[in-house]
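Here is how the chains run, residue by residue.
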Amino acid sequence: MLLFYFIYFWIGTIDGRNSQAADAKGAVFPVKIKVPGMDPFEVQVSQQTSIHKVMQAVISRQDSCCRTCFSLHFGGSILDPQSELGAVVGLGPGAELKLVEELYALQDARAHVAHLMRLLRSQAAGDPYRQQACHSLSFLEEVLKGHGCGKALRSKWPGSLPGSDLSDCVVPDYVLPGCKERPLLPLQPPSAESKAPPCLLSLIVSQWSPPPGNRKLHGDLLYLTVRTIEGRSVDITACARGFYVNRSSLDTFDPTMASPGLLSHSLSDLLSQLSPAFRRGFALIQKSRLPNHSLDKMEVPKQIYSWTSPRIAHSANWEPCSLGLGLEFHGSEQIRDWNEEFQTAQELPQTTLTARLLRDHSLFKVNSDFVLEATRGAVAAVEGSIIPINPSENPCLHVFLWKGIFLSLASDGAVGRAVPRLDLAGIQAYSGLLEMADRLHALATCIIDYRGYRVVAQALAPGVLERGVENRILYGCADSGHGTAASRKFIELLGQAAKPLRIQKHGVLLSSGKQISIYSSADCKGIVGNDGRYYILDLYHTYPPDLNFQPQNQERDGTSTGGLHEFPHQFYRLRPEDYHFTFIRYTQFMRIVMEKMQDTADDGTKSSLEAGMCASSFKPKSTRSSQGGTASLWKVQKGVSAHFILLVFSFSAEPKGVDAVRVACKEVGSTSDIMFEIRFNPDINSPGVLFPDSEKEALQKQMALLRQAADFLVSEQIPSFVSGCTFPLLCVSLVSLGLSLESLHQRGINLRYMGRIAHLISESESKERLQHIYVSTSSQSLVTCSANSNQTILLPPSQGVNVSNLSAAVSHFLNCLLGSPPSSPNSESGESSGARKKKARRKGRSTAGSLDATAWTTLTPSELWIMVLGYSECCDRIDQVVLETGVQKVSLLRELCLKCGIQLLLREYSLDNQQTPPFNPEDIVNIFPVVKHLHFPTIDGTKMLCRAQASLQQGCLKTGYQQLQDALALFNRVYGFLHPDPCLCLQGLAKIAYIAGKYSEAVIMQKKAVIISERAWGFDHHNTINEYVYLALYCYADGAGAAALRLLGRARYLLLLVHGEDHPFTAIIDSNIGLVVQGTQQTEMAIRFLQNALIINKKFHGSKTLLTALSYHLLAQACYNKGDFRSAVTHEREAYNIYQEQLGNGHERTKASSDFLHFATEQAVLLQRSYDQINRNGSCINIPPMAMPITESKLEQLGLINGLLYVTDM
């Protein structure tokens, strides 16, 4: 054990040295780029910057964006695009790189034209809405400018930082406290930027392309036909030297250069000479490509879809792949070998920091590209755009090949949808075993849900599609027990993997009756590919079963899980994050060993053991591992704990100590009798798996261990989570992040336990304080059940939903779930079905395709809610569910659309009108794919982020700031900017800058964090709400009060839409708004928000907490400003009593409250005397003006509200 910790800290020291060396190499310096026809410009680079990135920086500039075919020269030598600047001898700060235009090849000309087409379509506003790859939405700039908020929030923008004038800023009505209206139109504020005029009418490949052989010998590469805005049609030749206008026409082929001879290396330069309209329009496009922030135009590695979309007019398709340019396969005619790329990236060395970062980046890039291409293939397969490789079989069994990716359809039913998801989890587990040198290999996999289909996409392992592959299975029950060398190798490799995955070695019986021992589930298969790698397949039983949901426990399920209905299959597994059970067993094991050793130890050792038992504290540390979940690490605290571990293990080497260890192993259920080791049998209760009689006793122990793990989850883990939500700090954390599935998964709690959580909350004494958790769990359960009903009943082809009626089916489903369905699903007007049939007969067309005579057309709200809730004694409308659970209809609609991939038209929906259906088929704009894929985090960046967080907790701001910068640099090298991890680093850097008083720097950092959160998580994600609040705080500190009010209004609007007003985080936003609004002299508005914050804090945190005291204090100050001194005294007295009880009389906050209470009381007394004087003699006395005492500044109060300290320097 001690050797392990010594090695751990030694490796950490080496990593630190490597990090310092990497920092030296990562120093930024400028280099100058000299471009023909342009003034030289500088680019900031480092030694680790690749030449390719420098070339991309040239292309991204406004004045050089049209150059694609060029090379960079230094000192007369051409630079290799794949090398780094550090490898170039003599290249340092101030070096000058020369851009040289190169001759075009065919592929270069195609890429140049495609690049110009993408520039021309860069103004397409619908790209982020229409599933266009690598586009996502950000509305920060529109919010800051007040667009889409009405005249109420639009104000003057003096100074360099807009939004410093609060005089004419008014909070819109729909975000005021108590407002029940939830409009959707403000969700996506319209952009005020003027749209660039069209540049061309068309740009297509000419009918004369490709060039004939004789013209190829003259250098002709490609022929294009262009129609300008002025109505002129010209044919253009792409040759090795560039582009020129030829003499060809629609009827005549004449490739010679037209007169006058125009030859340009860039096609845009040629078109600018031909068309003045193109020159003007393209100049505007170039200008618009420079948005308010560079992060707005970057491509995201993961596609983020919006669940609402405005009505966007369809425009001409400028996508180069649709115009026959031959760019369908990433710029080449070859199909990528996804498996080779994936496995090669996995096998990259990890000996140094640079090598690990290169490996992490390669894995992330390959996986992102794979997921993107697999999603396109799945959409094409479902829509019928590609032909299956087995067209003669049942359509449900069709498989497809798409650009080197194998696509298969999951079978119908709950089991068919659960198996791919569990298989993906198993692949994630085995793909993350970094410590295995001679590793096993799993296939790159992702799951795409689209239009009710679940498509499984996998990379092709070499040899898998060949005939006779079943005879090559060298591991698993299908090998009939052949003991070949390859199968022994599989056993060796799986035995190594079984330890970190906690898989118990066990014996199973083959169909022949022969017994074999395996280190995995019985369903797991192992083959050797043509490349010599060892591949494992069918990993859906990697994790042990959850015995709370097994058939023999159906009677027990009703009380232990609190489920809404029976679960349809046995494919329920414990989560890999459920390490708390193992940790509890480990502490029990250590305590038993200590107790046994105390009986035989001498006085000195016994006293040391007693001290260790009292002072030692074992705790598991959850860290994100390469498996994408959490890794179980048991770390001891320094000092007494480490000394105690040394005593235990040194004493356990003696015979009596060994006996103590054996007794402890037996009592805690360890799989080994000489050391602590908890492993699980994944084949317990698996149908079709037979165990030999010799394993009967071991099987009983394994069953008992699994039963204890399942009981621990229900009896300990879930209740501790519910009780932990009542603590203020944890409550605020859950508020700021939302009760997401991730917060439950980190504790090993799966979605199927939502009913149990809701049941415990309903019986808890703190039910009122946990109301937001209850609403979230109820919403998640309803959304999941509704999504399953939507995907399994309405959309699959087994239900007969015709593609032409898909929008009608979805809208009818939403009407049955959230509103009132029409008498007929397709009735957009009042005419009956018979009238429509008669009208169709007059027009001579059939009515068979207009309305499907299937189950979805006759679906009623009562039937749907029976399917959703699982029992018949239920309501037939959403209103009763809303009344019982507190779930908002609009929140339920949002979650359902995101889960099912439904995109609605952005308009106002009357969800409370039971007479008129709120949805019609035209409201269903699109259906987008929902993807589940593998995750490959960078360990080095995560470790550095954890170190930074530890430093900040210890108060080391300078060290934490530097570590956050290092973590940000590591994350950027692996993921790029648009990823959630860099967002966390930027948020931390902004907090430290604010604490240090560097408000402008905090605003810059936080703006980046907001844009990344909007584009990487979603513009209405709960993390984005949190980021908006922090940015508002920093803007207010920097003097931009109007911008802060806009941001807070946006944050409150999103919170109301996503969660509702009855939420603890509402108190934080309302307190912020109340303080900011006081600067506008709108005291009544400020009091309204502060009163609402007080009510919410008292409800969720209690009437005697510090948060409630702060709300009393802020409300007292607002009442004082209004002149209501009596109310100010009343509220401040409540605050003072809480501070005195919680903090004592000597605390500064108690003293500040006492001072303010004294001044407010004196002012109230003077005012009362004035009233008495008037009542007695009708004369008024002069009251000396008394300004409100300044006990703390507004920034200090805002810092207290948002949990931030304030220091003068750092």
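Residues numbered from 1 in each chain as written. Predicted model: local features only at pLDDT ≥ 70, side-chain atom pairs only at ≥ 80, totals over all residues. Heavy atoms only, no water.

Draft legend 1. Seen up close, the packing of aromatic side chains. In total, this model carries 26 aromatic pairs according to the counting rule given. For the pair Phe 581 and Phe 712, a centre-to-centre distance of 5.8 Å together with 55° between the ring planes defines the contact as tilted. Residue Phe 581 is located in helix H13 (residues 580–598), and its partner Phe 712 is located in helix H17 (residues 696–724); the two are separated by 131 residues in the primary sequence. Geometrically, the ring pair formed by Phe 971 and Tyr 975 is stacked, given 5.9 Å between the ring centres and 15° between the ring planes. (Phe/Tyr/Trp six-rings, centres within 6.5 Å; stacked < 30°, edge-to-face > 60°. Helix = DSSP H or I, 4+ residues; strand = E, 2+ residues; numbered from the N terminus.)

Draft legend 2. Structural detail: the packing of helix H22 (residues 806–818) against helix H24 (residues 861–869). Where H22 contacts H24, the axes come no closer than 8 Å and their chain directions differ by 80°. The angle between H22 and H24 falls in the class roughly perpendicular. Residues Phe 813, Cys 816 and Leu 817 of H22 form the contact with H24, whose own contacting residues are Pro 861, Leu 864, Trp 865 and Val 868. (Axes fitted to C-alpha atoms, helices over the stretch in contact; angles between N-to-C directions. Parallel < 35°, antiparallel > 145°, perpendicular 65-115°, else oblique. Contact = heavy atoms within 4.5 Å.)

Draft legend 3. Quick look at unusual backbone geometry. With an omega of 5°, the peptide bond between Ser 209 and Pro 210 qualifies as cis. In this structure, Pro 210 sits in the loop between strand S6 (200–205) and helix H5 (213–216). For Arg 502, which is not glycine, the phi torsion reads 55° and is therefore positive. Turning to its location among the elements, Arg 502 is positioned in the loop between helix H11 (485–501) and strand S17 (506–509). With a phi angle near 55°, Asp 538 is a residue other than glycine that sits in the positive phi range. On the secondary structure map, Asp 538 appears in the loop between strand S20 (534–537) and helix H12 (554–560). Looking at Asp 538, the relative accessible area reads 32%, which means it is partly exposed. (Buried < 20%, exposed > 50% of the residue type's maximum accessible area, 1.4 Å probe, protein only.)

Draft legend 4. Inspection of helix H27 (residues 939–953) at higher detail. Here H27 spans 21 Å end to end across 15 residues, near enough to the 21 Å set by a 1.5 Å rise per residue. Gly 955 sits one or two residues past H27 and shows a positive phi near 85°. (Expected span 1.5 Å × (residues − 1).)

Draft legend 5. View of the environment of Phe 1156. Mapped onto the elements of the fold, Phe 1156 is located in helix H37 (residues 1148–1177). Taking relative accessible area as the criterion, Phe 1156 reaches 0% and is therefore assigned buried. Through-space distance from the C-alpha of Phe 1156 to that of Ala 1116 is 9.1 Å; in sequence the pair is 40 residues apart.

Draft legend 6. Region of the structure containing the sheet that holds strand S24 (residues 924–927). Read from one edge of the open sheet, three strands run S11-S23-S24, paired in mixed fashion. Pairing within the sheet leaves two strands with one partner each, and these edge strands are strand S11 (308–309) and S24. In this structure, strand S23 (residues 902–905) lies alongside S24, joined through three bridges in antiparallel fashion. Following the sheet pairing, Ile 902 is matched in S24 by Ile 927. (Pairing = 2+ DSSP bridges.)

Draft legend 7. The arrangement of the side chain of Ser 50 in detail. Its location among the elements puts Ser 50 in the loop between strand S2 (41–45) and helix H2 (51–60). When residues no more than four places from it in sequence are discounted, the contact partners of Ser 50 are Pro 81, Ser 83 and Glu 84.

Draft legend 8. Highlighting the pattern of salt bridges. Going through the model one piece at a time under the given rule, you end up with 31 salt bridges. A salt bridge links Arg 533 to Glu 340, with the nearest nitrogen and oxygen atoms 3.1 Å apart. Within this pair, whereas Arg 533 is found in the loop between strand S19 (525–528) and S20, its partner Glu 340 is found in helix H8 (residues 338–346), the two being separated by 193 residues in sequence. Between Asp 923 and Arg 907 there is a salt bridge; the shortest N-O distance is 2.7 Å. Here Arg 907 lies in the loop between S23 and S24 and Asp 923 lies in the loop between S23 and S24, a separation of 16 residues in the sequence. Under the relative-accessibility criterion, Arg 907 is labelled partly exposed at 25%. (Salt bridge = Lys/Arg side-chain N within 4 Å of Asp/Glu carboxyl O.)

Draft legend 9. Up close: the sheet that holds S6. Taking strand neighbours across the sheet as the criterion, the five strands line up as S6-S7-S8-S9-S10 in an open arrangement whose pairing is antiparallel. In this open sheet, the two strands that pair with only one neighbour each are S6 and strand S10 (263–264). Taken together, the seven bridges between strand S7 (residues 220–228) and strand S8 (residues 233–239) define a ladder with antiparallel strand orientation. Residue pairing in the sheet places Tyr 223 in a bridge with Thr 237 of S8. Docked against the sheet, helix H6 (residues 267–274) engages S6, S7, S8, strand S9 (242–245) and S10, running at close to 25° with respect to S9.

Draft legend 10. Up close: the nonpolar core. One finds Tyr 430, Leu 904 and Tyr 994 to be the most contacted residues of the largest nonpolar core, which totals 205 residues. Among the elements that line this core, the one with the most residues is helix H9 (residues 353–382), at 13 residues. Ignoring anything within four residues of it in the chain, the contact list for Tyr 430 reads Arg 439, Leu 440, Leu 494, Ala 497, Leu 501, Ile 503, Ser 520, Ile 536, Leu 539 and Thr 542. Core analysis: the next-biggest nonpolar cluster, separate from the first, contains 43 residues, Cys 725, Met 754, Ile 761 and Leu 770 among them. (Core = buried A, V, L, I, M, F, W, Y, C linked by side-chain atoms within 4.5 Å.)

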